[in-house]
Amino acid sequence: MVHEWALAEAIVKTVTSIALKKGIVRVRSVHVVLGELQSIDRDILKYAINELKKGTVMEDAEVFFEEEKAEFKCLNCNHKWGLNSVRELVNPDIKESIHFVPEVVHAFIKCPKCGSLDYEIVKGRGVWIKSITMSGEDRR
Ligand SMILES: [Zn+2]
């Protein structure tokens, strides 16, 4: 899928440019956080990163993924809830469309406590690099 490859490219570019700026010769590990509402195939992403990092300072780096669970917050009653507690998501088709376009979530989910449609997505969106472990820094 194009999505994962584009993401892998962005991750590798970001990590290698940070390493370059810091004069790092070797990146040891990279932790990437994936929001639960993003539609990302980890296997494809990992494969893509492993292909793209060849020949870079990231070549030997281990890549770890971590999922951030989605969290919604009702703006009417302040109730907070996650994807697991949403009854409507039992239907796999609906879950699929939410993963595809996170914004669609508003069409299917309402506050399980007060039924309000006025809520925000607090967590579970986006992809970001949480940490990078490097070696080659000369601190002496
Ligand atoms: Zn509510």
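From a predicted model like this one, the values you see are computed outputs, not experimental measurements.

Calculation notes
- Residues numbered from 1 in each chain as written.
- Predicted model: local features only at pLDDT ≥ 70, side-chain atom pairs only at ≥ 80, totals over all residues.
- Helix = DSSP H or I, 4+ residues; strand = E, 2+ residues; numbered from the N terminus.
- Buried ≥ 20, exposed ≤ 12 C-beta atoms within 10 Å, placed from the backbone.
- Pairing = 2+ DSSP bridges.
- Axes fitted to C-alpha atoms, helices over the stretch in contact; angles between N-to-C directions.
- Core = buried A, V, L, I, M, F, W, Y, C linked by C-beta atoms within 7 Å.
- Contact = placed C-beta atoms within 7 Å.
- Right-handed = clockwise from strand over helix to strand, strands pointing away.

### Quick notes on the overall build of the protein chain
Part 1 of the argument: Of the regular secondary structure elements, the protein chain holds 4 helices and 6 strands.
Part 2 of the argument: Along its sequence from the N terminus, the protein chain presents helices and strands in the succession α-β-α-β-β-β-α-α-β-β.
Part 3 of the argument: Expressed as a percentage of its 140 residues, the buried residues of the protein chain come to 19%.

### As for the sheet that holds strand 1 (residues 26-35)
Part 1 of the argument: Sheet architecture is open: 3 strands sit in the order 2-1-6, paired in mixed fashion. Among the strands making up the open sheet, the edge pair consists of strand 2 (62-68) and strand 6 (127-135). Averaged over all pairs of adjacent strands, the angle between their axes in this sheet comes to 15 degrees, without regard to strand direction.
Part 2 of the argument: Bridge count between strand 1 and strand 6: 8 bridges; the pairing is antiparallel. Looking at strand 6, one finds that Val 33 is bridged to Trp 128.

### Description of the nonpolar core
Part 1 of the argument: Ranked by size, the top nonpolar core spans 16 residues in total, and within it Ala 8, Ile 11, Val 12, Val 15, Val 27, Val 30 and Ile 49 carry the most contacts.
Part 2 of the argument: Put simply, the parts of the chain that give this core at least two residues each are helix 1 (2-22), strand 1 and helix 2 (42-52).
Part 3 of the argument: Broken down by element, this core gets its largest block of residues, 6 residues, from helix 1.
Part 4 of the argument: Excluding residues that lie within four positions of it along the chain, Val 27 makes contacts with Val 15, Ala 19, Val 57, Met 58, Ala 61, Ile 132 and Met 134.
Part 5 of the argument: Leu 37, Phe 72, Ile 109 and Cys 111 belong to the second-largest nonpolar core, a separate cluster that totals 7 residues.

### Some remarks on the pairing of strand 2
Here is the key point about a regular strand: its side chains alternate between the two faces of the sheet.
Part 1 of the argument: Looking at chain direction, strand 1 and strand 2 are connected through 7 bridges and run parallel. Residue His 31 lies in a different strand from strand 2, and its bridge partner there is Phe 64.
Part 2 of the argument: As for the winding sense of the linkage, the β-α-β connection from strand 1 through helix 2 to strand 2 is right-handed.

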